[in-house]
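# Notes for the structure review
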Amino acid sequence: MDLLDKLLWASATVLIVCLNAACAYRLPRLPYIEQCIQLPSVLPLYALQGDAVQLKCDDPLSYLGWSVPQGFIYQWIRDGTRVSVSVSEGRVEMQEELLLFLPALTGDSGNYTCILRNDSYCVSSPILLNVYESKLNNLDDISYLNEANPGTLGMVICPDLPNFLTMANWGDLKWFKESTPIVSSEEKTRYKRDEMILFIQDVKFGDEGYYTCALNFSFNNKQLKVTRTIKLQIAGTPTKPSVTHPLSSTTRPSGERIPPKIIYPINDTYDSELGSSLIIPCQVLPGQQSAHTTDVTWLVNGLNVEDFFISSRVLQGEKILYIENGAYYIQVDLIITELLKEDTKSEFKCVAQNRNGYHETTVQINEKNTMGTWLIVGLFASGSFLIVISVVFWQLFKHSNKKDYILTKS
């Protein structure tokens, strides 16, 4: 490659890099493992033997900026081996992004990876599944944390239920405290029910303990069950020095009340071109409370996104729970499919709240100055053009001098 070709190639490279840097919205870089983009690990799933269990492949929209298009196929890997599905037995089923255990056995425990691929892309999503034979000695792992204050209306939520329970009869849901059935009534007891929530009127210190919600249901002509164990902690009661729970973000010192904290964005400003798409993730540490009892919401000028925008041009993404460096996080995305002028005049807020407190952060979106971008591109292009022209004239002048020297010598 001669000098002229090198200069042309360098000029083109600089121009392309400049265009990409000016025009692209860059999402966080993710690691590659065996030629697949690996998404962050989601929360570990703890279950009891005999329960119906669902593993769900994480949606790459929040990390890569696109949802799953047609032409992609799902594969499930367990501890490096592809998961086999027995059609005759039907205990393990795959339904696109779902891997179902109907029911789960202790031998199903392991490190699972959902792989989403086509001819061009490969995305992997890891998840840990632990299936225990019984609750004995495993309560800290399988229990979800709820908290309540004395004298208030307490809530115990039956959390993290599989997608295939949407058509279940919630009237069949049964509640237990320790091993004693709870009878709910509007007038005669302090307990009331609303689908998957147990309300406790006038909470007392004696209400603290482990609660279990159990639901028997029919699915694909099978009789199955789902149980969840919830630890209700009453504020102000004596506690152990520290307790770590699978769905709380940190180890919790006794008596300390830690509110949720938004770690990203922190009152940031985004520059983007009109007509472009934009994804802004709101990442939250739930603090002392469970991730399932922490609400994360995007507001536009004080209103919920779905109330402010009639169309689906601006959306709030699903609530994603994941683990990173041993800490548990919540992520909810603000998704703008087409940026309009009115968006640059609106105030966007991410709000995180639970029983321990409230935290919010404000985001401002500005219209990107494309004139400045193209001015930089033009300067680079002009400079590259001048370099090329200078090299061409220099080459012609050098050849001309050589010819004159040869003629004089002869």
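Structural data are supplied above this passage.
Residues numbered from 1 in each chain as written. Predicted model: local features only at pLDDT ≥ 70, side-chain atom pairs only at ≥ 80, totals over all residues. Heavy atoms only, no water.

### Remarks on the overall build of the chain
The helix and strand inventory of the chain stands at 5 helices and 30 strands. Of all 410 residues assigned to the chain, the portion counted as buried reaches 43%. Pairs at least 24 apart in sequence give 66% of the contacts found in the chain among residues at least 6 apart. With the model as given, the accessible surface of the chain reaches about 22500 Å², and the carbon-plus-sulfur share is 55%. (Helix = DSSP H or I, 4+ residues; strand = E, 2+ residues; numbered from the N terminus. Buried < 20%, exposed > 50% of the residue type's maximum accessible area, 1.4 Å probe, protein only. Contact = heavy atoms within 4.5 Å. Areas by Shrake-Rupley, 256 points an atom, 1.4 Å probe, with all protein chains shown as cover.)

### Quick look at the nonpolar core
One broad trend across soluble globular proteins is that nonpolar side chains are buried collectively. Judged by nonpolar contacts, the single largest core of 27 residues is most densely connected at Ile280, Val296, Trp298, Leu334, Ile336, Phe348 and Ile365. Elements represented by at least two residues in this core include exactly strand 23 (278-285), strand 24 (295-300), strand 27 (320-324), strand 28 (327-336), strand 29 (348-354) and strand 30 (357-367). Top contributing element to this core by residue count: strand 28, with 5 residues. Counting residues in each nonpolar core, the second largest holds 26 residues, with Ala52, Leu98, Leu102 and Ile182 among its members. (Core = buried A, V, L, I, M, F, W, Y, C linked by side-chain atoms within 4.5 Å.)

### Remarks on the side chain of Thr229
Looking at the element boundaries, Thr229 is found in strand 18 (residues 222-234). A distance of 3.4 Å separates polar atoms of two side chains, one belonging to Thr229 and the other to Lys135. Once residues lying within four places of it in the same chain are set aside, the contact partners of Thr229 are Lys135, Leu139, Ile142, Ser143, Tyr144, Tyr210, Tyr211 and Thr212. (Polar contact = N/O pair within 3.5 Å; in protein donor to acceptor, adjacent residues only side chain to side chain.)

### Some points on the pattern of salt bridges
Overall, the coordinates contain 10 salt bridges when judged by the stated rule. Among the salt bridges present, the one from Glu367 reaches Lys341, with a minimum N-O distance of 2.7 Å. Taken together, the positions of Glu367 in strand 30 and Lys341 in the loop between strand 28 and strand 29 put the pair 26 residues apart, joining distant regions of the chain. Taking the relative accessible area as the measure of exposure, Lys341 reaches 43% and is therefore partly exposed. In this structure, the salt-bridge partner of Glu360 is Lys349, at a minimum N-O distance of 3.0 Å. Of this pair, Glu360 sits in strand 30 while Lys349 sits in strand 29, placing them 11 residues apart in sequence. Exposure remark for Glu360: the relative accessible area of 30% places this residue in the partly exposed category. Within the structure, one salt-bridge network assembled from shared partners comprises Arg313, Glu342 and Asp343. (Salt bridge = Lys/Arg side-chain N within 4 Å of Asp/Glu carboxyl O.)

### Details of the packing of aromatic side chains
According to the stated counting rule, one finds 2 aromatic pairs in the structure shown. Between Tyr46 and Tyr132, the ring centres sit 6.4 Å apart and the planes meet at 5 degrees, which makes this aromatic pair stacked. Note that Tyr46 is positioned in strand 3 (residues 45-48) and Tyr132 in strand 10 (residues 122-132), a separation of 86 residues in sequence. Look at Phe101 and Tyr112: their rings are 5.8 Å apart centre to centre, the planes differ by 75 degrees, and that puts the pair in the edge-to-face class. One end of the pair, Phe101, is in strand 8 (residues 98-101); the other, Tyr112, is in strand 9 (residues 110-117), with 11 residues separating them in the sequence. By the burial criterion, Phe101 is buried, and Tyr112 matches it. In this arrangement the basic side chain of Arg190 is found over the ring face of Tyr191, its NZ or CZ atom lying 5.9 Å from the centre. (Phe/Tyr/Trp six-rings, centres within 6.5 Å; stacked < 30°, edge-to-face > 60°. Lys NZ or Arg CZ within 6 Å of the ring centre and 35° of its normal.)

### Side note on the pairing of strand 27
Of all 5 residues in strand 27, 4 are buried; the element is thus mostly enclosed. Inspection of the sheet shows strand 27 paired to strand 28 by 5 bridges, in the antiparallel sense. If you follow Glu324 over to strand 28, its bridge partner there is Ala327. (Pairing = 2+ DSSP bridges.)

### Some details on the state of the cysteines
Here a disulfide denotes a covalent bond joining the sulfur atom of one cysteine to the sulfur atom of another. Taken as a whole and judged by the stated rule, the model has 3 disulfides. With a sulfur-sulfur separation of 2.1 Å, Cys57 is cross-linked through a disulfide to Cys114. One quick way to see it: the torsion about the S-S bond of Cys57 and Cys114 is about -95 degrees, and its sign makes the bridge left-handed. With Cys57 in the loop between strand 4 (53-56) and helix 2 (61-64) and Cys114 in strand 9, this pair connects stretches of sequence that are 57 residues apart. The same class applies to Cys57 and to Cys114, which are both buried. Here Cys282 engages in a disulfide with Cys350; their sulfurs sit 1.9 Å apart. The sign of the S-S torsion, about -85 degrees, decides the handedness of the disulfide formed by Cys282 and Cys350: left-handed. Residue Cys282 is located in strand 23, and its partner Cys350 is located in strand 29; the two are separated by 68 residues in the primary sequence. Of the two residues, Cys282 and Cys350, neither departs from the other in class, the shared state being buried. (Disulfide = S-S within 2.5 Å.)

In short, geometric facts, not functional conclusions.
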